[in-house]
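The residues making up each chain are set out below.
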Amino acid sequence: MTPTTRYGDPHHRPAAVQQPVILPAEIPPGVDWVTLPNGVRTLAYTQPTPTPTAPAAASQPIPAWAKTTALLAPTVGGGIAAAGIGLSYAAPGLIAMSHALWSAAALVVAAVIVVPVLIRTARRTTGSGGGTSSTTHITQNITATGLFGRANGTINHH
């Protein structure tokens, strides 16, 4: 029996495979001809050689206002937090103080109203003990001539 090939024809031989021709200008960057350990030469990706770059720009110093702001931000935040905690502890005392202030204000208003009434009542009781009392009426008449004229006046006691 004769061996057969893939296409059923014992005399058929595959044609030689032609390798594509690549010109050096067509080779993309990062690809180069490489010889493998078994001796076959092929195109392969290679590590790119480092290209010289421009020296890095010198870093700018941080402005003083930025440093100050960065240092003050946590301090201010901590102060606000401490004030909030202090107010939460002081809230019962502050409420009691506000009640005491309202009570003191009510006491002052009551004193302003009650004291004149008491004085008036005390005068009536002391002044009316003898019977009839005469009250003095004072009349004052003032006259002036012109806008900046000298004023003249009389005082009459009745």
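Reading the values: rules and limits
All chains use their own residue numbering, which begins from 1 and follows the written sequence. Confidence filtering applies because this is a predicted model: local features only for residues at pLDDT of at least 70, side-chain atom pairs given and counted only at 80 or more, and all residues used for totals across whole chains, interfaces and linings. Heavy atoms from the whole structure form the basis of all side-chain values; hydrogens and water molecules are not counted. Think of it in three bands: with a 1.4 Å probe and only protein chains considered, a residue is buried below 20% of the maximum accessible area for its type, exposed above 50%, and partly exposed in between. Helical segments are the DSSP runs of H or I of at least four residues, strand segments are the runs of E of at least two, and each set is numbered from the N terminus. Paired strands, in this sense, are two strands between which DSSP finds at least two bridges. We call two residues in contact whenever any of their non-hydrogen atoms come within 4.5 Å of each other.

Trainee: Before we move on, can you summarise the pairing of strand 3 (residues 138-144) with the specific residues and values?
Mentor: Along strand 3, only 0 of the 7 residues are buried, which leaves the element largely exposed. Pairing of strand 3 with strand 4 (residues 151-157) involves 7 bridges; the strand directions are antiparallel. Across the sheet, the residue bridging to Ile 142 is Gly 153, located in strand 4. Counting the residues that bridge the hairpin from strand 3 to strand 4 gives 6 residues, and of these Gly 146 lies at a positive phi of roughly 80°.

Trainee: So what's going on with the environment of Ile 142? Which residues, and what values?
Mentor: Tracing the backbone through its elements, the reader meets Ile 142 in strand 3. The class for Ile 142 is exposed, based on a relative accessible area of 55%. As for Ile 142 and Thr 154, which are separated by 12 residues in sequence, their C-alpha atoms are 6.5 Å apart. With sequence-adjacent residues up to four places away left out, Ile 142 is seen in contact with Ala 151, Asn 152 and Gly 153.

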